[in-house]
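Chain by chain, the residues run as shown.
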Amino acid sequence: MSAPLDPEIPGTAHDAPGLDRAVRGTHPGTPGPLPEVSGTPGTHPDASGTHPATPSVTAQWRRLDPRTLLVHCGWMAAPLGSLALTALATGGRITTGAWFTLAAIAASFAVVTTIGLIRWARTEFRVALPRSADGTGEGAVGGGHGHPALTLDVRSGLLTRRLRSVPLHRIRTVDLTASPLHRLLGVTVLRAGTAGSGDGRSELSLEALAAPEAERLRAELLAYADAEAVANDPEVARISWRWLRYAPLTFWVVGGVFVVAGSAYRVLDGIGIEAWKLGFVQRAFAEFGASALWLTVPAALLVILALGSVGALALYVENWWNYCLEWTDSRTLRVRRGLFTTRSVTIERARLRGVLLREPLLLRAGGGALVRAVAGGLGNREENRKRSGLLPPAPRPEALRVAGGALRSPFPGSTSPAALAPHPRVALRRRRVRGLLWAVLPGTAVLAGLGAVFTPVLLHCAWIYAVVATAVVLWLARDAYRNLGHGVDGPYLVARSGTFSRDTLALQREAIAAWTFSTSPFSRRAGLVTLTAAVAAGEDGYRIPDLAAAEAPGFAAAAAPGILEEFLTHPGTPAHLPEQRLP
C-alpha cells in the first residue's frame, strides 16, 4: 500500500494500486455518512453568525458522464469533412487513397473508443474529508475558517492507479468550458486551479460532466468562499448589444478576412485542390485586371471591410453572448460568456493584482476600450489572454466603471484626469527616429529602386509615399509620446504607454516582486531606461518605457519599498561597503 496522501499539497499524486476504499463514518468498519460539523446541518457558522453552505461531503466515488466517449470522437469531423469535399470536387468519385483513408479512420475510431471507454471506466472523483490517522475520516481543520479540510479527490489509471487530492481551501479558480460539441451533447469540462497551477500542471480537469452536475460541483468547490455580504452591487456588468458598434473597430475587421482566406486555402491545398486553378477564381482575377484599377481597388477594399465587419460582429456575438461579470461572494469574481463555446471563469480576489485598460487605436478613435484582469492562476500566457477578459469592447466610461468595480475602488483617472508624470522630451525624438528609419526609409528606397529599374511611375510613388508616411509617422510618434506616463495612486502603480494600443495599468504595489532596468546603447546615450515590474500574475512583467535614468531608481523604490533600498546611494552620503575579514 502506498504512503498516505498529504492533502495539504495541491495536485499531489501517488501511485495507489487497488485504492478502492471509501471514507467511513465515525466508527471504523461501519459504513455511514460523515458527521456534520458543529452548527446547522450542512452549514458552518461564521463570525457574523450566518451559516454559509458547505460542500456536500460524500464517500461515494462519482464517474464522468458516459457522453465523454462521444466527445473523444469529435476529431473525426476534420478527416470526414475533407473526404466529403474531395468527393464534391471530383464529382463523387472516391479514389483508392480515399478508401484507405476511410479504413484508417475506422481503425482509429475503434482504438480511440476503446481508450476512451477505459479512461471513462477508470476515472472517478469525489468531495470528501481526508482520512485521519485513526481511520475515522475526520480530517484536519484547514482553510483558516474553522472548516474541515475537505478535498477534491480524482483517481484514474488502468495499470497504475493515480490519486490526486486538492484541499478545497487551496482551489483558486473553477472554470466551466463547453465547445459546440460539448454543448450539443449537454456536457461541459470543469477545471479546478490551485494557487500553484499557473503552468497548468497542478490543475485538475474533469472531462466531461453533465452541465447541471458541473454547476453543482462547481458550487461545492467554491463553497469555502466567504459568505459575508458584498458591500457593492455584486453584478458589475452585463452585455448591452449597443456595444456591437465597437466590434468592427478591431484588428479583425481587416486581418480576420486574410486569416479566413489563408485557412480556406490551406484546407483546399490539403485535400489536393489548387485554389488558383479554379475557374471562377481565374475569371475573377482576369476581370479585376481588365477593369479600371482606380475603381476596382477601392471596391475591393470596401468588400474586404464589409466582410471583415460582418466577421467581427459574428466573433463578438460568439465570444460575449450572455456576458455577465459579477461578484458571486465577497472574494470571488466570475465572468460568464459565450454562444457556441461557453466559458465561465472565476478569479479569487486575493489573486487579482490589478486591472489593464486597453484602448486599441481604432477603438480609441471610436471612444471605446476593453478591460483585462491582472490575476494569478489563469494559466500560461496563452491561456491568460483567453481567460483574463473582463469586458468586451465597450464605451470608455463603461470600461472605467467596470475596472473600478473589479478593483473595488475607483480606477485611476476615472473621476479626474490621472496625475501621471511625463517622460523626458528625448523619448519623443527616439520615436520619431525609429519611425523614419523603420517605416519611411525602407519603403521609399524600395519604390525608388524599382522605379529606376522598371518605370518612372514608381519614382513618383516613392516621393508620394515618403511625404505621406513621414506625416503619419510624426503623428504616431507624437501620440505615443503623449500617452507615456507613470505614477502612484494610493495602493496602485499606474503606468500608461502605447499608440497602436494605449494600455493603462493599475497594479497593486504590494504585488511587485522585483524590478528590471533595461537599456540599449542608444537609450543609454539618451539617458533613458525601461523599467519592468515583475509580478506573479498576468503577463508576469509590465514595462514602463523610456524613463529618465536618474529618476527611475527613486520612482521604483517609492512605488515598491523594500526592494531597491540597499542598492541606492543618496547624494552627500558616503557609501558603506561591507566589512571583509582576511583569513
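Residues numbered from 1 in each chain as written. Predicted model: local features only at pLDDT ≥ 70, side-chain atom pairs only at ≥ 80, totals over all residues. Heavy atoms only, no water.

Draft legend 1. Expanded view of the overall build of the protein chain. The secondary structure content of the protein chain amounts to 15 helices and 23 strands. Residues counted as buried form 40% of the 583 residues belonging to the protein chain. With an accessible surface of roughly 31400 Å², the protein chain has 63% of that area assigned to carbon and sulfur atoms. (Helix = DSSP H or I, 4+ residues; strand = E, 2+ residues; numbered from the N terminus. Buried < 20%, exposed > 50% of the residue type's maximum accessible area, 1.4 Å probe, protein only. Areas by Shrake-Rupley, 256 points an atom, 1.4 Å probe, with all protein chains shown as cover.)

Draft legend 2. Main features of the confidence of the model for the protein chain. A residue-level look at the protein chain finds 75% of positions with pLDDT of 70 or above and a mean pLDDT of 78. The low-confidence segment residues 1-55, where pLDDT is below 50, has 107 contacts with residues more than four positions distant or belonging to other chains. Predicted confidence is poor over residues 225-232, with pLDDT under 50, and the contacts of this stretch with residues over four places away or in other chains come to 14 contacts. (pLDDT = per-residue confidence, 0-100. Contact = heavy atoms within 4.5 Å.)

Draft legend 3. Region of the structure containing the pairing of strand 19 (residues 492-497). Buried residues dominate strand 19, accounting for 5 of its 6 residues. Direction of pairing for strand 18 (residues 485-489) relative to strand 19: antiparallel, over a ladder of 5 bridges. Residue pairing for strand 19: Asp-489 is matched across the bridge by Tyr-492. Connecting strand 18 to the antiparallel partner strand 19 that follows it, the hairpin turn spans 2 residues, and Gly-490 within it adopts a positive phi of roughly 60 degrees. Between strand 19 and strand 20 (residues 501-508), which pair antiparallel one after the other, the connecting turn spans 3 residues, and Gly-498 there sits at a positive phi close to 105 degrees. (Pairing = 2+ DSSP bridges.)

Draft legend 4. Region of the structure containing a positive patch on the surface. Residues Arg-425, Arg-432, Arg-478 and Arg-482 make up a contiguous surface patch of positive charge. As for its position among the elements, Arg-432 is in helix 12 (residues 426-453). (Patch = residues over 30% accessible without salt bridge, like charges linked within 9 Å, V, L, I, M, F, W, Y side chains within 5 Å. Salt bridge = Lys/Arg side-chain N within 4 Å of Asp/Glu carboxyl O. Lys, Arg positive; Asp, Glu negative; His and termini not counted. Charge placed at Lys NZ, Arg CZ, Asp CG, Glu CD.)

Draft legend 5. Representation of the sheet that holds strand 20 within the structure. Spatially, the 6 strands line up as an open sheet ordered 17-16-15-20-19-18, and their pairing is antiparallel. The two strands at the open ends of the sheet, each matched to only one other strand, are strand 17 (389-395) and strand 18. The mean angle between the axes of side-by-side strands here comes to 15 degrees, regardless of whether they run parallel or antiparallel. Sitting on the sheet, helix 15 (residues 552-559) is in contact with strand 18 and strand 19, with an inclination near 30 degrees to strand 18. (Axes fitted to C-alpha atoms, helices over the stretch in contact; angles between N-to-C directions.)

Draft legend 6. View of the nonpolar core. Ranked by size, the top nonpolar core spans 37 residues in total, and within it Tyr-323, Leu-325 and Leu-390 carry the most contacts. With 6 residues, helix 11 (residues 396-407) is the largest single contributor of residues to this core. Beyond its immediate stretch of four places on either side in the chain, Leu-390 contacts Tyr-323, Leu-325, Leu-333, Val-335, Ile-347, Val-371, Arg-372, Ala-373, Val-402 and Ala-406. Formed by 24 residues, the second largest nonpolar core is a distinct cluster that contains Val-374, Leu-505, Ala-511 and Ala-560. (Core = buried A, V, L, I, M, F, W, Y, C linked by side-chain atoms within 4.5 Å.)

Draft legend 7. Structural context of the sheet that holds strand 21 (residues 512-518). In space, the 3 strands of this open sheet follow the order 21-22-23, with antiparallel pairing throughout. Strands at the two margins of the open sheet, each flanked by one partner only, are strand 21 and strand 23 (541-548). Taking the axes of each pair of neighbouring strands and ignoring which way they run, one obtains an average angle of 20 degrees across the sheet. Its contacts with the sheet put helix 12 on strand 22 (528-535) and strand 23, and the angle it makes with strand 23 is roughly 105 degrees. Running over the sheet, helix 15 touches strand 21, strand 22 and strand 23 and is turned about 175 degrees from strand 21.

Draft legend 8. Representation of a nonpolar patch on the surface within the structure. On the surface, Trp-463, Ile-464, Val-467, Val-468 and Val-472 cluster together into a nonpolar patch covering about 480 Å² of accessible area. Assignment of secondary structure puts Val-467 in helix 13 (residues 457-483).

Draft legend 9. Focus on the pattern of salt bridges. Counted under the stated rule, the structure contains 20 salt bridges. Between Arg-67 and Asp-65 there is a salt bridge, with the nearest N and O atoms lying 2.7 Å from each other. The exposure class assigned to Arg-67 is partly exposed, which follows from its relative accessible area of 31%. We note a salt bridge from Arg-364 to Asp-479, for which the minimum N-O separation is 3.2 Å. Of this pair, Arg-364 sits in helix 9 (residues 361-365) while Asp-479 sits in helix 13, and the two are 115 residues apart along the sequence. The burial state of Arg-364 is the same as that of Asp-479; both residues are buried. What emerges from the salt-bridge pattern is a single network uniting Arg-63, Glu-124, Arg-155 and Arg-161.

Draft legend 10. Summary view of the pairing of strand 20. Across the 8 residues of strand 20, 7 count as buried, placing the element largely inside the fold. Here strand 19 pairs with strand 20 via 6 bridges, running antiparallel. Note on strand 20: the bridge partner recorded for Val-494 is Ala-506.

Draft legend 11. Structural view of the layout of surface pockets. Here the largest pocket is characterised by a volume of approximately 960 Å³. Along the wall of the largest pocket there are 32 residues; nearest its centre are Trp-252, Leu-315, Asn-319, Trp-320 and Arg-372. Looking at the lining of the largest pocket, the elements that each hand over two or more residues are helix 6 (255-270), helix 8 (293-320), strand 15 (352-360), strand 16 (368-375), helix 10 (381-387) and strand 17. Considering each element in turn, the lining of the largest pocket owes the most residues, 9 residues, to helix 8. (1 Å grid on protein atoms, 1.4 Å probe; cavity = no way out; pocket = protein on both sides within 12 Å on 5 of 7 lines; lining within 4 Å. Points joined across faces, edges and corners; volume = space filled by probe spheres on them.)

Draft legend 12. Focus on the environment of Gly-376. The topology assignment puts Gly-376 in the loop between strand 16 and helix 10. Judged by its relative accessible area of 6%, Gly-376 falls in the buried class. Gly-376 sits 24 residues away from Leu-352 along the chain, and the two C-alpha atoms are 6.8 Å apart. For Gly-376, the residues in contact, after removing those within four places along its chain, are Arg-351, Ala-536 and Ala-537.

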